[in-house]
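Architecture and fold: a report
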Amino acid sequence: MDKNLQNIEDLFKKGLEGNEETPSENVWNNIDQSLEKENSLKFRKKYYSLKTATAILVMVVALLSIYILRNELQKQTEKQKNEKLGKENGVLKKEKPATNNLTETIKNHQPEKNFSLLRKEGKIKSTNGDANRSLLKRNNANESLKSSGENVSNEAAINKLIISPRPTEKKSSVVVNNPFLKKPQENHSNDFNSHNLVIQPPAINFEFAQIRSFNALKNLKHTTTISPYTMPKKPNSNRSTIHIPSTPQFYADVFYSPTIPFSHLRDDDHQSGNPSSREFEKKESGTYSYSFGFSIGYQFNHKCSMQSGISFSTLNMDHEPEKIYAERDNRGAVKFPINTSSGKGYILPSFTSNPRIGDSLDTKNIEHSLVYTVIPLAFKYNKTFGRLSANLLAGLSANILIKGKISTEVKSGNESELERTGEIHGLKPVYIAALAGIGFDYAIFKNLSLTFSPTINFAIDPINKNVPIRSYPGTIDFHSGVKIRF
Amino acid sequence: MFVNPTEHLEEIRQLIKACLAEDRNAQRNLYELLAPQMFGVCLRYANNREEAEDIMQEGFAQVFKSLHNFNYSGSFEGWVRKIMVRCAIAKYRQKTKLHSVLNIEIEDIAATNNEEILSQLGKKELLKMVQNLPPAYRLVFNLYVFEGLKHREIAEELGISEGTSKSNFHDAKVILQRVVTDSMKIANPKSTNG
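Residues numbered from 1 in each chain as written. Chains lettered and ligands numbered in written order. Predicted model: local features only at pLDDT ≥ 70, side-chain atom pairs only at ≥ 80, totals over all residues.

**A closer look at the overall build of chain B**
The number of helices and strands found in chain B is 10 helices and zero strands. For chain B, the α and β elements follow one another from N to C terminus as α-α-α-α-α-α-α-α-α-α. For chain B, with 194 residues in total, the buried portion stands at 36%. In chain B, 70% of the contacts between residues at least 6 apart in sequence involve partners at least 24 apart. (Helix = DSSP H or I, 4+ residues; strand = E, 2+ residues; numbered from the N terminus. Buried ≥ 20, exposed ≤ 12 C-beta atoms within 10 Å, placed from the backbone. Contact = placed C-beta atoms within 7 Å.)

Right, here's the structure in full:
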């Protein structure tokens, strides 16, 4: 063999070093397009972060709004009640002459007539008619004497009509249904201690019945809700006193959660010809995912609880566009493989139904999504601050694969087609994940709470097997829901 | 048009700065400045022009993506060229490796020197010879001859053994010797027969 041909590499080096050729215009056009895609992808990623931040903000604002609105409504109701009360008291004061008229009328009125009227209208049930009658006589006489002075008040005038003994006196069995009449004035009840008098309907009706009988007191009709004891006790005046029982009990929680997926990849059997995990990490990014479901829990005491449940979780990832080359699949058919961090899927577009090994296609963004049923088991440590309780959560979950899907648009020349495959090679049917998080419960009622719980889930074993790249996905969840205690 | 990028360092600096600001015109100018040289590199690693264009396209996309990593310590042209070579390697990795079964018989040819051969064979013919090598041989040959890598480095880069690299390089040379000999016979039948 010729000596020069022994150094054939020099021949080629001299011949081809510095060789220049102009590529076709298509090259720049394609670069231009890929740069455009890159920009839109960057924008999408930024927009995705913005959307996530907005969602969190909206949730926080919504919870705060509910809290503030509820406070305001309660304040307003109280204010309205007080205003009404003040107004009506004002009306009574203004109508003092009328009440004096009432006093006068009462003074002149026959006690028997009063009593018979009451009995006729079913306002008084008496077991001792004579005693009651005499009692009324005496009472009326006493009150008439008191009310004859100039300083007689509305209250005193009305008290004359309201039979309201001291409820603490055992000898008296008077039952007054009106809650406003639970504070009797001591001056008026001494005479009734030894009598069995039952007033079943609210005493206020009795008052109204009496007033109706006097034409001069028409203006007082609207005062039927007023009593001498119109300082109603504010129900639940202390708002932070909703008592969440610390005794063992069950609870259920229904939730929805937007999630941010991420993935940690490891090379399992990195050989020449296989893309590395780094390449995938660069090319893949999580897109909007979600989970929803319910959990049931058992609270051992006011601090510790254990919970489980079931939820459905989606895990969506985006893979950058790439060129794919036909190869033989597991069954020996020549198809186009799509490699993702989850596993490999094969597609066969209709426009290249009979490809040869090595034929190529361009793809647009590749989306792969996995749906899992999640069964968690977690321990919670709770700390209660009035209506609000905070908790720390840690546990494990079994994630059972329901379905996996890879989809992309492929193109070759002028042809393009949307391709989808539900067969992802290498996915395991179950993987185990760890979970940890913090949570907040806000008690609206004794048994009902709003819950918000940011939680991180991360796979502790890979979701795939017998593949070059092992994938350990994870999610950051923002559980929002409603909890009911039983 | 030949533009030596080293002579236009300041121009390149300005272009890089503009490219980092995602100025599309600057990106195009930078591409046009380097495209002929880089396409020459890509052609050697590819099987044909289309494949070279694919490598070039992916290479430049990568250049623009990682432009912020260029630290101006070395030649920009060299940095871009390395990216092109890496893209060519990635392309090779993506493809199913086809191991050619070769039956190489070397015929003796008359004494000729490289200058003579070069005068008789054009650059295009030489390029075609390289392109027609099996992918693994072509890659090893290019990395050894044009990038100046040692067999150990090639082995690390491609994830093969050093022995495989040497063997591939030897086989590549044998194939090239044969095709050059054949071409010379056609170009100069008298000298080869005589």
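**Comments concerning helix H6 (residues 123-131) of chain B**
The complete set of buried residues in H6(B) reads Leu126(B), Leu127(B), Met129(B) and Val130(B). For H6(B), the arc enclosing every buried residue in end-on projection is 155°, short of the 170-degree limit, so these residues lie on one face. (Arc of directions from axis to C-beta.)

**Some details on the packing of helix H2 (residues 8-16) of chain A against H6(B)**
In contact at an axis separation of 9 Å, H2(A) and H6(B) are set at 125° when each is read in the N-to-C sense. Regarding the angle of H2(A) to H6(B), the classification is oblique. When the axes of H2(A) and H6(B) are compared, the crossing they make is left-handed. Contacts between H2(A) and H6(B) pair Phe12(A), Gly15(A) and Leu16(A) from the former with Lys123(B), Leu126(B), Leu127(B) and Val130(B) from the latter. For the contact of H2(A) with H6(B), the residue count by class is five nonpolar, one polar and one charged. (Axes fitted to C-alpha atoms, helices over the stretch in contact; angles between N-to-C directions. Parallel < 35°, antiparallel > 145°, perpendicular 65-115°, else oblique. Left-handed = near helix turned anticlockwise from the far one by under 90°. Nonpolar A, V, L, I, M, F, W, Y, C, P; charged D, E, K, R; others polar.)

**Here's the deal with the nonpolar core**
All names here are of chain B. Counting residues in each nonpolar core, the largest one holds 55 residues, and the members touching the most others are Met-38, Cys-42, Ile-55, Met-84 and Val-140. The dominant element in this core, judged by the number of residues it contributes, is helix H2 (residues 24-45), at 11 residues. Shared between two domains, this core takes at least three residues from each, and those domains are domain 1 (5-94) and domain 2 (114-193). Ignoring any residue separated from it by four or fewer positions in sequence, one finds Met-84 in contact with Met-38, Val-41, Cys-42, Ile-55 and Gly-59. (Core = buried A, V, L, I, M, F, W, Y, C linked by C-beta atoms within 7 Å. Domains from an automatic or database assignment.)

**Digging into the environment of Gln177(B)**
Residue and element names in this part refer to chain B. With respect to the helices and strands, the residue Gln-177 is situated in helix H9 (residues 162-187). For Gln-177, a count of 21 C-beta atoms within 10 Å gives the class buried. As for Gln-177 and Met-129, which are separated by 48 residues in sequence, their C-alpha atoms are 9.9 Å apart.

**Description of the environment of Lys446(A)**
Residues and elements named next belong to chain A. Within the secondary structure, Lys-446 is located in the loop between strand E15 (430-443) and strand E16 (448-459). By C-beta crowding, Lys-446 is classed as exposed, having 11 other C-beta atoms within 10 Å. Distance from Lys-446 to Arg-485, taken between C-alpha atoms, is 8.2 Å for residues 39 residues apart in sequence.

**Remarks on the pairing of strand E10 (residues 344-347) of chain A**
All names here are of chain A. Side chains Lys-344 and Tyr-346 of E10 all project onto a buried face; the interleaved residues Gly-345 and Ile-347 project onto the opposite face, where all are buried too. Pairing of strand E9 (residues 334-339) with E10 involves four bridges; the strand directions are antiparallel. Within E10, the residue paired with Pro-337 across the bridge is Tyr-346. Following E9, the chain reverses through four residues before pairing antiparallel with E10. (Pairing = 2+ DSSP bridges.)

**Regarding the pairing of strand E17 (residues 469-485) of chain A**
All names here are of chain A. Two strands pair when backbone bridges link them, and strand E3 (residues 249-267) and E17 are joined in this way by 15 bridges, in the antiparallel orientation. Across the sheet, Leu-265 pairs through a bridge with Ser-471, a residue of E17. The pairing of E16 with E17 spans 11 bridges and is classified as antiparallel. Bridge pairing in E17 links Thr-451 to Gly-481.

**Side note on unusual backbone geometry**
Residue and element names in this part refer to chain B. Although it is not a glycine, Glu-22 adopts a positive phi angle of roughly 60°. Here Glu-22 is to be found in the loop between helix H1 (9-20) and H2. Residue classification places Glu-22 among the partly exposed positions, given that 13 C-beta atoms sit within 10 Å. Of note, the phi angle at Tyr-72 is positive, near 65°, even though the residue is not glycine. You can see Tyr-72 is positioned in the loop between helix H3 (49-65) and helix H4 (76-94).

**Structural notes on the confidence of the model for chain B**
Close inspection of predicted coordinates is inappropriate for parts of the model with low pLDDT. Residues and elements named next belong to chain B. Overall, the prediction assigns chain B a mean pLDDT of 81, with 79% of residues at 70 or greater. Here helix H10 (residues 189-193) is the element of chain B with the lowest mean pLDDT, 52, and helix H7 (residues 135-145) is the one with the highest, 92. Contacts from residues 97-111, a stretch scored under 50 in pLDDT, to residues over four places away or in other chains number 23 contacts. Overall fold confidence (pTM) sits at 0.40, and the ipTM for the predicted complex is 0.81. (pLDDT = per-residue confidence, 0-100.)

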